[in-house]
Amino acid sequence: SKERGRNTFHFYEHGITERAMRRLQLESRLRRAFDDRTLQVHYQPLVRLDTGHICGAEALLRWNDPEAGAIPPDHFIALAEDTGLIVPIGEWVVGEACEALKRWETEILLPADFALHVNLSGKQLLQKDLPTRLSDAFTRAGVSPARVVLELTESSIMESEATGVAVMTALREFGVEIAIDDFGTGHSSLSRLKLLPISELKIDRSFIRDIAVDSDDAAIVQAILALSAKLGLGVIAEGVEHAEQEAFLMQHGCLRAQGYRYARPMPEDELIRLLVDAPSL
Ligand code: C2E
Ligand code: CA
Ligand code: CA
Ligand code: CA
């Protein structure tokens, strides 16, 4: 049994080393992908439910590794956050997305309410010069900040404390909007929520999944919709896949949605084609 214990220990130790190795490899591959500019930005349409028109798009990072193939963000965003790489990568996404928006504004008659959504990490929110850097990026690309919505998760806002709120306030001051992403999964108190300089909430898709069949989820979504109306905040439902979910949302006053029911994230040229050929989904 002593023998077995030793083997178990060896196996365990080996497991950790292998995991750490794989992480290091992933990190150096991500660094290389960023340096070589092989990361891409895809766009998922946002849809206005009462009219059906595309009222925006969310920029989503894509990594196509020559050997490993497509690596999903859920596998590398956390690593990018731990290593701090998310700061330059996230800023690059903003630049790319703004340049794309500029092209759309030039080539297509965009709906007046069209908004470009970009995800920001809590790490970026801790950078005191973030407002200046982003405002410079908008100016360089020639886009109006009023067309841009920055998405921050509830937990990243809560973790960033005073610096985060000051940075968010400065961002709002030059005209950009801020949405709380994955709303409902964090634990922001309602009193705190009232004090945050935010413009809208994105209801996490975990609540949307079963709204048509689970009365608890239905109640939570209704409460979020009532809350956003009371606080004068916009609201978007994420992860809408079925007609029943859409019907529930419309019936309860949620007018904007995003999900596979309408469109998946896609490269820029496909979005342009969609905006031109099928502006209503
Ligand atoms: P997120 O911000 O909540 O983005 C929405 C995610 O839901 C996307 O996953 C999208 O592809 C997926 N999705 C959209 N509609 C549906 C649906 O109907 N059903 C289901 N099951 N999923 C749907 P994706 O692209 O894999 O991104 C995952 C997460 O990675 C994002 O979640 C975001 O937190 C993070 N991420 C992606 N790009 C960036 C970025 O540029 N910066 C930062 N900081 N994070 C990013
Ligand atoms: Ca998001
Ligand atoms: Ca989300
Ligand atoms: Ca999410």
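Below: a short report on this structure. (Residues numbered from 1 in each chain as written. Chains lettered and ligands numbered in written order. Predicted model: local features only at pLDDT ≥ 70, side-chain atom pairs only at ≥ 80, totals over all residues. Heavy atoms only, no water.)

Section: the coordination of the calcium ion (ligand 2)
- Looking at the calcium ion (ligand 2), the protein donor atoms are Glu58 (OE), Asn119 (OD1), Glu151 (OE) and Asp181 (OD), and they sit 2.1 to 2.3 Å from it.
- Each donor residue of the calcium ion (ligand 2) lies on the same chain, and together they follow the pattern E-x60-N-x31-E-x29-D.
- The metal-metal distance between the calcium ion (ligand 2) and the calcium ion (ligand 3) is 3.8 Å, with Asp181 serving as a donor to both. Taken together, the residues Asn119 in strand E4 (residues 115-119) and Glu151 in strand E5 (residues 148-153) connect sequence positions 32 residues apart. (Donors = N, O, S within 2.8 Å, 3.2 Å for Na, K, Ca; no water. Helix = DSSP H or I, 4+ residues; strand = E, 2+ residues; numbered from the N terminus.)

A few points about the packing of aromatic side chains
- This structure, assessed with the given rule, holds 5 aromatic pairs.
- Plain terms: the ring middles of Phe34 and Trp92 are 6.4 Å apart, the flat faces sit at 80 degrees to each other, and that makes the pair edge-to-face. Within this pair, whereas Phe34 is found in helix H1 (residues 2-35), its partner Trp92 is found in helix H3 (residues 86-107), the two being separated by 58 residues in sequence.
- Of the residues examined, Trp92 reaches a relative accessible area of 12% and is grouped as buried.
- Ring plane angle 85 degrees and centroid distance 5.0 Å describe the contact between Tyr43 and Trp104, whose orientation is recorded as edge-to-face. In this pair, Tyr43 is assigned in strand E1 (residues 39-48) and Trp104 in helix H3, connecting sequence segments 61 residues apart.
- Three or more aromatic residues link up through ring pairs in this structure, and these residues are Tyr43, Trp104 and Phe114.
- Its end group placed over the ring of Phe34, Arg37 keeps NZ or CZ at 5.0 Å from the ring centre.
- Sitting above the plane of the Tyr260 ring, Arg264 keeps its charged end 3.7 Å from the centroid. (Phe/Tyr/Trp six-rings, centres within 6.5 Å; stacked < 30°, edge-to-face > 60°. Buried < 20%, exposed > 50% of the residue type's maximum accessible area, 1.4 Å probe, protein only. Lys NZ or Arg CZ within 6 Å of the ring centre and 35° of its normal.)

Some thoughts on the site of ligand 1
- Neighbouring ligand 1 are 23 residues; Arg62, Asp181, Arg205, Glu241 and Tyr260 lie closest to it.
- The side chain of Asp182 places a nitrogen or oxygen atom 3.3 Å from an oxygen atom of ligand 1.
- Between Glu241 and ligand 1, the recorded distance is 2.5 Å, taken from a side-chain N or O atom to a nitrogen atom.
- If ligand 1 stood free it would expose 810 Å²; the protein chains cover 85% of that surface.
- Per-element accounting of the shell around ligand 1 gives the leading share, 4 residues, to strand E2 (residues 54-65).
- Looking at the shell around ligand 1, its residues break down into 10 nonpolar, 5 polar and 8 charged. (Near = heavy atom within 4 Å. Polar contact = N/O pair within 3.5 Å; in protein donor to acceptor, adjacent residues only side chain to side chain. Areas by Shrake-Rupley, 256 points an atom, 1.4 Å probe, with all protein chains shown as cover. Nonpolar A, V, L, I, M, F, W, Y, C, P; charged D, E, K, R; others polar.)

Re the coordination of the calcium ion (ligand 4)
- Surrounding the calcium ion (ligand 4) are the protein donor atoms Asp182 (OD) and Asp182 (OD), which sit 2.9 to 3.1 Å from the metal.
- The metal-metal distance between the calcium ion (ligand 4) and the calcium ion (ligand 3) is 3.6 Å, with Asp182 serving as a donor to both.
- As for its position among the elements, Asp182 is in strand E6 (residues 177-183).

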